Amino acid sequence: MVFAMKTNYIIFLIIFFESTSFAQNSFDEQFNYAVRLYESENYFDTVTELKRLLFFNSNNEYIYRAYETIGKSYKQGTKFSDAIRYFTLAEINAKSVDEIYNSRIEIIRVNILRRTTGRAFKLMDSLEADIRFYDKIDEINYWRGWAFIFADDWENAAVIFAGIDSTTELTVLAKKVDDDLYSVSFAKTISYIIPGAGQIYTGEYISGLLSLGWNVLWGYLTIKSFIDERIFDGIIIANFLWLRFYRGNLQNAEKFAMEKNLIISNKAMNYLQFEFNGLKP
Amino acid sequence: MKITELLFFFMLFTSVNHAQTKDFDFSSPINIKKFADFLFCDRDYLRAALEYERLISSDVNDTLLFKIALSYSIIGDYPFAIKYFGNIPSPSSYVNAAKLELIKTYYLMNDYYGVRSFYNDTLIEEINKYQLEGNKLFNFSYLFTKDELPSKEEFLFPFNLSEKNEVSEYYDWKQDPPYKSSTIAGIMSALIPGSGKIYAGEIGDGIVAFITTTVFSFIAYDNFKAGHNTRGWVWAGVAALFYAGNIYGSVAAAQVHNAKITFEFNDGLNVFLQKNNYYTPAYGFCDEN
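Residues numbered from 1 in each chain as written. Chains lettered and ligands numbered in written order. Predicted model: local features only at pLDDT ≥ 70, side-chain atom pairs only at ≥ 80, totals over all residues.

**Focus on unusual backbone geometry**
All names here are of chain A.
- Not every positive phi belongs to a glycine, and Thr78 is a case in point at roughly 55°.
- You can see Thr78 is positioned in the loop between helix H4 (63–76) and helix H5 (80–92).
- Not every positive phi belongs to a glycine, and Asp152 is a case in point at roughly 65°.
- Residue position: Asp152 is located in the loop between helix H8 (137–150) and helix H9 (154–164).
- With 15 C-beta atoms counted inside 10 Å, the residue Asp152 sits in the partly exposed group. (Helix = DSSP H or I, 4+ residues; strand = E, 2+ residues; numbered from the N terminus. Buried ≥ 20, exposed ≤ 12 C-beta atoms within 10 Å, placed from the backbone.)

Okay, here's the thing in structure tokens:
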């Protein structure tokens, strides 16, 4: 009797072992094939093969990783909305806290990349408020710093990165960019006082001198008209010529400062894209 | 004996089990088709087309070709769409739908002469259920080109009563578009500053151009008269600039007006056609989902 029970038990164990160890074999192969495609940067086929795997076996053990890899592939192909859709599916099918965290971080990174930084900040705030991720604050702040960079707010980016480590490359870079940026309001203000000064501040010397020259000319003619008691002439010159050039001078100062800032930001972004070796969105 | 039997059944069960799971054939035609159908209904048309294409060598049929063509048409790969729609064999339930889809594809490529020549070569001789739809698209193509329009009666013939009013408006608009002549606008502004702009529909700009040019000219005249020659020349220059700008602006305003009219007209036509899905039917391939 004992012998028979033991035998049955052994047979049951063997059957159970056999069925669980071999049941997913061809799906294993399919998943591994998709991973190899991803590693060889063939993102289109990666998505196809993982979709095929999920279609034929939606309850497999790879469901989270499959959705996550599809999301990453779409992200590599700059299909950001599709990427977010699949990272969200990965989050829904996550089986651990780490998987939930990773999929949310991926969604945040895609939002940073596509410059929907407002959404990224909201998601990071909710992650930070979640007690399950209290030990991930530095990593969340790291992405917050990146979000500030993509929002063109280098000052806050520098502050956030410095809060993690003040000596890192990102901290130094963000601070340098923030120092290099021209103040748009300063450029405009000095142009209010001395026409052309804002342009000269941004390095546009010829434009600044021309602007100064035009304003001096029309200013002179306006005053001369009033001195000559040709009041109507004076009003018309002041209104249609002097004020037009004065306003143009202010607009130019603002435009040049913004253009120069864009060049500085783009140069820094270019460095981050091609030369920075750390983790990027 | 019992143990031997059990072991036998175990071996049989596991071997069958392995055969079913370990060797699941993702590449069997039936599985490719199932997956392609899923992709098609999931609106992942490029992948669907590529999966269907894998079946061509083993199981080519008109539905398959039609779905491939439809997928390529939807994703905007029109040369491939034309190729596959053209390959639908003649005795097929999709052959007429494919012809209609081909006309739609020519529309999407803005090839209106292609629409007409295809219609004339293939559809006009055949009386079938898509003849009327083809005729509508054929007539519509005249609204996109500068070719002479057919008579109104002939043009409106294929359209039903509910469509006739709207289509008739498009026809009238095309027949007599509310364009403004840029030459007339320029001449008018040369004679009376700003009048060309008013003619082109920019009334506010026209009045401003009239006032500024007149005022600057008067100031120039008054300065010369008072012996202030420097200021006189400055104002004469400014007045001349405003005068020339007013003529140029009037010509440009007429051109912008015409471009706007053409854009709105073509946009309206496209919206109308899209609303009616270019008169192509719904095929119901994904209805069961």
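**Observations concerning the domain arrangement of chain B**
Residue and element names in this part refer to chain B.
- The assigned domain composition of chain B is domain 1 (26–177) and domain 2 (182–273).
- Of note, the centres of domain 1 and domain 2, computed from C-alpha atoms alone, are 48 Å apart.
- A class-by-class count of the residues in the side of domain 1 that touches domain 2 yields seven nonpolar, no polar and one charged. (Domains from an automatic or database assignment. Nonpolar A, V, L, I, M, F, W, Y, C, P; charged D, E, K, R; others polar.)

**Side note on helix H7 (residues 117–129) of chain A**
Residues and elements named next belong to chain A.
- The end-to-end C-alpha distance of H7, which contains 13 residues, comes to 18 Å, matching closely the 18 Å that a straight helix rising 1.5 Å per residue would cover.
- Along H7, the residues that are buried comprise Thr117, Ala120, Met124 and Leu127. End-on view of H7: buried residues confined to an arc of 75°, all on one side of the axis. Facing away from the buried side of H7 by more than 90 degrees, the exposed set consists of Gly118, Asp125, Ser126 and Ala129.
- Buried residues in H7 make contact with helix H6 (97–113) and H8. (Expected span 1.5 Å × (residues − 1). Arc of directions from axis to C-beta. Contact = placed C-beta atoms within 7 Å.)

**What about helix H8 (residues 131–144) of chain B?**
- Look at H8(B): 21 Å from first C-alpha to last across 14 residues, which is about the 20 Å you get at 1.5 Å a residue.
- For H8(B), the set of buried residues is Glu133(B), Gly134(B), Lys136(B), Leu137(B), Phe138(B), Asn139(B), Phe140(B), Ser141(B) and Leu143(B).

**Remarks on the packing of helix H4 (residues 62–74) of chain B against helix H5 (residues 78–86) of chain B**
Residues and elements named next belong to chain B.
- Remark: H4 packs on H5, axes separated minimally by 7 Å, with the N-to-C direction vectors making an angle of 160°. Between H4 and H5, the interaxial angle falls into the category roughly antiparallel. The two elements H4 and H5 meet at a crossing, and its hand is left-handed. For the pair formed by H4 and H5, the contact residues are Leu65, Ile68, Ala69, Tyr72 and Ser73 on the first element and Tyr78, Phe80, Ala81, Tyr84 and Phe85 on the second. (Axes fitted to C-alpha atoms, helices over the stretch in contact; angles between N-to-C directions. Parallel < 35°, antiparallel > 145°, perpendicular 65-115°, else oblique. Left-handed = near helix turned anticlockwise from the far one by under 90°.)

**Notes on the domain arrangement of chain A**
- Taken as a whole, chain A is organised into domain 1 (2–163) and domain 2 (184–274).
- The C-alpha-based centres of domain 1 of chain A and domain 2 of chain A are spaced at 53 Å.

**Here's the deal with the nonpolar core**
- Within the largest apolar cluster, 44 residues are counted, with the highest numbers of intra-cluster contacts made by Leu53(A), Ala66(A), Trp143(A), Ala157(A) and Ala174(A).
- Here Leu53(A) is in contact with Phe27(A), Gln30(A), Phe31(A), Ala34(A), Asn60(A), Tyr62(A) and Ala66(A), once residues within four sequence places are set aside.
- Core analysis: the next-biggest nonpolar cluster, separate from the first, contains 36 residues, Phe38(B), Leu39(B), Tyr45(B) and Leu102(B) among them. (Core = buried A, V, L, I, M, F, W, Y, C linked by C-beta atoms within 7 Å.)

**Details of the packing of H9(A) against helix H10 (residues 169–180) of chain A**
Residue and element names in this part refer to chain A.
- Close contact between H9 and H10 brings their axes to 8 Å; oriented N to C, the two are set at 155°. As far as their axial angle goes, H10 and H9 are roughly antiparallel. Every pair of crossing elements has a handedness; the one defined by H9 and H10 is left-handed. Each of Trp154, Glu155, Ala157, Ala158, Phe161 and Ala162 in H9 lies in contact with H10, whose residues at this interface are Leu170, Thr171, Ala174, Lys175, Val177 and Asp178.
- Taken together, the residues that form the contact of H9 with H10 break down as eight nonpolar, one polar and three charged.

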